[in-house]
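Close look at the chain arrangement
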Amino acid sequence: MAQYKGRLTYAKGTYVEFVVAPNQDVDFGDILVVEGQNQDRFYIRAYDFKVKSRWSGLNGVGYLMSKLDENGQVANQEELDFYLGGNHTVKIAMAEQLCYVDQQGQLLNPKTCPNFFCEVHSLSGEDSALLDEMKGDLEIGLLKSGRSVMDLPVGIYGNKAITEHIGIFGTTGSGKSNLVKVLASSVMQSDHYGLLIFDVHNEYYKDLALHPLVKDRLAIYNTNPVNETATKFKIAYEEIEPDDILACGSFTEAQLDALYKMHAIWQENWMKYILNYDTADIVEELSGSTGQKFNSRTINKIKSLCWNLEKELNIAEQQERTLPQILQELELGKVVLVELKNISPVGEQALSTFLSKKLLQHYSGKDEQAKMSAKPVLVVLEEAHRFLGKKEVANNNVFARLVSEARKFNLGMCVVDQQPRLLADKVLSQLNTLFILGLASKADRGKLEAMCRKDILQQRNEIKNLDCGEMILATNYMRFAAPVKIHKFENFMERFQLPAVNPLTGVLPLS
Ligand SMILES: Nc1ncnc2c1ncn2[C@@H]1O[C@H](COP(=O)(O)OP(=O)(O)O)[C@@H](O)[C@H]1O
Ligand SMILES: [Mg+2]
């Protein structure tokens with residue numbers, strides 16, 4: 001039920017002020033409705049407050065001060081209450097009109113302003129046009145209204161948001177991992193999208209396993225699985241390309257040259273031969289084929305990197321391959337977890353690059369018809385600045401290419417980071433859906449304000465004060481950014497649990 005919150009006292013353009021009803025709370029970021037005269041409804045967001053009193057003038061303040069003792073303490077509370085009580089003091093909320101719904105129930109951008117003294121209410125089920133826009137098919141949380149949480153679900157529309165890229169930003173402990181889990185379970189529930197998560201801390205499986213559809217909709221890969229839940233990740237020699245190795249560090253001109261030459265000569269067998277031939281033989285072979293004499297140190301560096309990756313990523317002659325299986329699972333709309341905790345940073349970089357590149361190649365190679373039937377896939381990249389910082393993006397690595405090209409092919413990136421200021425501007429400006437959680441650093445908040453397409457400047461107060469599990473959701477297809485309490489994963493799961501069997505009768509309760 002809508003609650004009465006106050007009355008409009010001033011409006012100019014899209015700016016409105018209203019006096020808050022004395023017994024009501026209105027907080028930074030609350031979305032409220034002003035009821036117009038012809039059943040039209042104006043949606044506003046409160047972003048600041050001022051308190052006014054007939055005592056606000058210099059004389060008034062001076063008079064009140066004279067009622068305090070020499071330590072600034074109230075000498076006579078009753079007398080002071082008399083002066084301050086009643087309707088001498090009002091709290092005025094400053095708000096911005098976001099959009100409005102006309103008599104036909106159509107949601108429109110602001111066209112006019114509401115009249116003086118119209119009633120201001122909290123949102124309720126009646127505001128269905130507005131709520132539909134915020135609901136989405138991938139539910140994330142509930143609409144927040146000041147300190148309370150409303151029973152109004154908020155989420156994103158996967159078909160609009162995924163290929164337009166997503167950013168999840170928040171300081172450690174603000175609730176990013178919980179949000180990824182909630183998003184993953186909504187994806188599992190929906191069956192319309194694939195989700196590839198690079199799980200840097202191996203933290204997702206144990207929670208996602210609580211989802212009742214886990215058997216059908218979740219696949220886990222690990223290069224060295226400790227139990228049967230995860231599939232062993234393997235790569236065949238021919239699947240690896242020189243670029244996958246180059247992602248793992250910096251190389252001299254000579255090393256790059258040697259690597260590409262070896263690939264040109266040996267083609268898909270390049271890695272196998274580098275590993276199997278002696279350095280001296282390789283130098284000789286290169287000299288014979290290209291006329292160039294490479295230094296044995298150059299070859300050794302490449303050999304050593306290949307050796308490490310071969311061991312770590314199970315690169316071998318393979319009968320069964322995991323890559324085609326992963327690609328198929330993704331396009332069928334599953335959640336694929338790739339656990340990375342037990343491999344080195346270099347291995348992690350190689351593996352994430354390898355998979356992302358293959359996914360991009362696979363999707364970009366589809367003809368029109370195949371494109372229609374494959375589901376959109378979102379790639380979740382944690383601590384993303386390691387891959388999408390300014391330097392990395394300048395090198396146009398696969399993640400930079402995913403950000404700039406993927407949407408054409410029905411793919412999208414979900415960039416997760418605690419320090420958005422470390423990401424390249426080119427990446428930030430491409431993220432059309434932002435989940436902004438608590439960010440302790442002013443520099444990070446400033447960066448998002450500067451780069452975000454939605455004008456979130458007015459939500460500065462609110463963003464500064466976000467608690468754990470709270471966020472601002474800004475997406476380009478929604479008219480405004482919404483304050484959201486993200487579901488706590490464990491509570492969200494309760495909704496999906498199968499009804500318990502009655503221990504006495506042994507039957508399921510009727511639903
Ligand atoms: N939406 C939420 N509601 C309630 N508690 C939450 C929520 N999100 C996170 N938390 C709590 O905060 C802690 C840190 O969350 P986490 O998702 O691990 O943060 P991050 O990944 O940003 O470091 C978790 O232990 C969790 O219990
Ligand atoms: Mg985390």
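Residues numbered from 1 in each chain as written. Chains lettered and ligands numbered in written order. Predicted model: local features only at pLDDT ≥ 70, side-chain atom pairs only at ≥ 80, totals over all residues. Heavy atoms only, no water.

A closer look at the site of ligand 1
As a matter of local geometry, ligand 1 sits amid 14 residues, with Gly-173, Ser-177, Asn-178, Lys-485 and Ile-486 nearest to it. Here Ile-486 contributes a backbone N or O atom positioned 2.8 Å from a nitrogen atom of ligand 1. For ligand 1, whose accessible area on its own is 560 Å², the fraction buried by protein is 69%. Breaking the shell around ligand 1 down by element, the ones donating at least two residues are α5 (176-190) and β21 (482-486). Ranked by residues supplied to the shell around ligand 1, first place goes to α5 with 3 residues. (Near = heavy atom within 4 Å. Polar contact = N/O pair within 3.5 Å; in protein donor to acceptor, adjacent residues only side chain to side chain. Areas by Shrake-Rupley, 256 points an atom, 1.4 Å probe, with all protein chains shown as cover. Helix = DSSP H or I, 4+ residues; strand = E, 2+ residues; numbered from the N terminus.)

Describing the UniProt feature "domain: Helicase HerA central" (unreviewed entry) in the protein
UniProt annotation of "domain: Helicase HerA central" (unreviewed entry) refers to residues 139-358 when read in the numbering used here. Strand forms 19% of residues 139-358 and helix 48%; the C-alpha atoms that close the span are 29 Å apart. (UniProt positions renumbered as here; feature names shortened; annotations may be inferred.)

What about the packing of helix α9 (residues 253-266) against helix α11 (residues 279-290)?
Each packed pair of helices is defined by two parameters, the angle between the axes and the distance between the axes. Between α9 and α11, the least distance of the axes is 11 Å, while the angle of their chain directions is 75 degrees. Classified by the interaxial angle, the pair formed by α9 and α11 is roughly perpendicular. Contacts from Lys-261, Met-262, Ile-265 and Trp-266 in α9 reach Ile-282, Glu-285, Leu-286, Ser-289 and Thr-290 in α11. Along the lines of polarity and charge, the residues of the contact of α9 with α11 split into 5 nonpolar, 2 polar and 2 charged. (Axes fitted to C-alpha atoms, helices over the stretch in contact; angles between N-to-C directions. Parallel < 35°, antiparallel > 145°, perpendicular 65-115°, else oblique. Contact = heavy atoms within 4.5 Å. Nonpolar A, V, L, I, M, F, W, Y, C, P; charged D, E, K, R; others polar.)

Side note on the packing of aromatic side chains
Scanning the model with the defined rule gives 13 aromatic pairs in all. Relative to Tyr-277, the ring of Tyr-273 has its centre 5.1 Å away and its plane inclined at 20 degrees; by these criteria the two rings are stacked. Exposure remark for Tyr-277: the relative accessible area of 32% places this residue in the partly exposed category. (Phe/Tyr/Trp six-rings, centres within 6.5 Å; stacked < 30°, edge-to-face > 60°. Buried < 20%, exposed > 50% of the residue type's maximum accessible area, 1.4 Å probe, protein only.)

Notes on α11
Here α11 contains 12 residues, and its C-alpha end-to-end distance of 16 Å stays within 8% of the 16 Å for a straight helix at 1.5 Å per residue. Positive backbone phi, approximately 80 degrees, marks Gly-291, located one or two places after α11. (Expected span 1.5 Å × (residues − 1).)

Some remarks on the environment of Asn-410
Along the chain, Asn-410 turns up in the loop between α18 (398-405) and β18 (411-417). For Asn-410, a relative accessible area of 22% translates into the label partly exposed. When the C-alpha atoms of Asn-410 and Phe-42 are compared, they prove to be 36 Å apart, with 368 residues separating the residues in sequence. With sequence-adjacent residues up to four places away left out, Asn-410 is seen in contact with Thr-163, Tyr-363, Lys-371, Ala-374, Lys-375, Pro-376 and Val-377.

Overview of the sheet that holds strand β20 (residues 470-475)
Pairing between sheet strands relies on hydrogen bonds along the backbone, with the strands arranged either parallel or antiparallel. An order of β9-β8-β21-β20-β19-β10-β18-β17-β11-β16-β12-β13 is seen for the 12 strands of this open sheet, with the pairing classed as mixed. Each edge of the sheet is formed by a strand with only one pairing partner; in this case those strands are β9 (148-156) and β13 (231-232). By the bridge criterion, 3 bridges tie strand β8 (residues 138-145) to β21 in an arrangement that is antiparallel. Note on β21: the bridge partner recorded for Leu-143 is Val-484. (Pairing = 2+ DSSP bridges.)

Brief notes about the environment of Glu-392
Here Glu-392 shows up in helix α17 (residues 390-394). The exposure class of Glu-392 is partly exposed, given its relative accessible area of 21%. In sequence terms Glu-392 and Ser-186 are 206 residues apart; their C-alpha atoms lie 32 Å from each other. Residues within four places of Glu-392 in sequence aside, it is in contact with His-385, Arg-386, Phe-387 and Asn-397.

Regarding the side chain of Gln-24
One can find Gln-24 in the loop between β2 (15-20) and β3 (31-35). For Gln-24, a relative accessible area of 18% translates into the label buried. Side chain to side chain, Gln-24 and Lys-5 meet in a polar contact 3.2 Å long. Gln-24 has contacts with Gln-3, Tyr-4 and Lys-5, leaving out every residue within four places of it along the chain.

Focus on a negative patch on the surface
A cluster of like negative charges, contributed by Asp-278, Asp-281, Glu-284 and Glu-285, occupies part of the molecular surface. Relative to the elements of secondary structure, Glu-285 occurs in helix α11. Its relative accessible area of 32% is what places Glu-285 among the partly exposed residues. (Patch = residues over 30% accessible without salt bridge, like charges linked within 9 Å, V, L, I, M, F, W, Y side chains within 5 Å. Salt bridge = Lys/Arg side-chain N within 4 Å of Asp/Glu carboxyl O. Lys, Arg positive; Asp, Glu negative; His and termini not counted. Charge placed at Lys NZ, Arg CZ, Asp CG, Glu CD.)

Some thoughts on the pattern of salt bridges
Applying the stated criterion across every chain, the model contains 30 salt bridges. Two residues, Asp-132 and Lys-135, come together in a salt bridge whose shortest N-O distance is 3.9 Å. In this pair, Asp-132 and Lys-135 are both assigned in helix α3 (residues 128-135), 3 residues apart and thus about one turn of the helix distant. Assessed through its relative accessible area of 40%, Asp-132 is described here as partly exposed. By relative accessible area, Lys-135 is classed as partly exposed at 39%. Among the ionic contacts, a cluster of salt bridges with common partners joins Glu-35, Arg-41, Glu-126 and Asp-127.

A closer look at the packing of α5 against helix α22 (residues 489-496)
It is the contact of α5 with α22, at a shortest axis distance of 9 Å, that shows an interaxial angle of 15 degrees. Classified by the angle between their axes, α5 and α22 sit roughly parallel to one another. Note on packing geometry: the crossing formed by α5 with α22 is left-handed. Two secondary-structure elements touch here, α5 through Asn-178, Lys-181, Val-182, Ser-185, Ser-186 and Gln-189 and α22 through Phe-489, Phe-492, Met-493 and Phe-496. Of the residues belonging to the contact of α5 with α22, the class tally is 5 nonpolar, 4 polar and 1 charged. (Left-handed = near helix turned anticlockwise from the far one by under 90°.)

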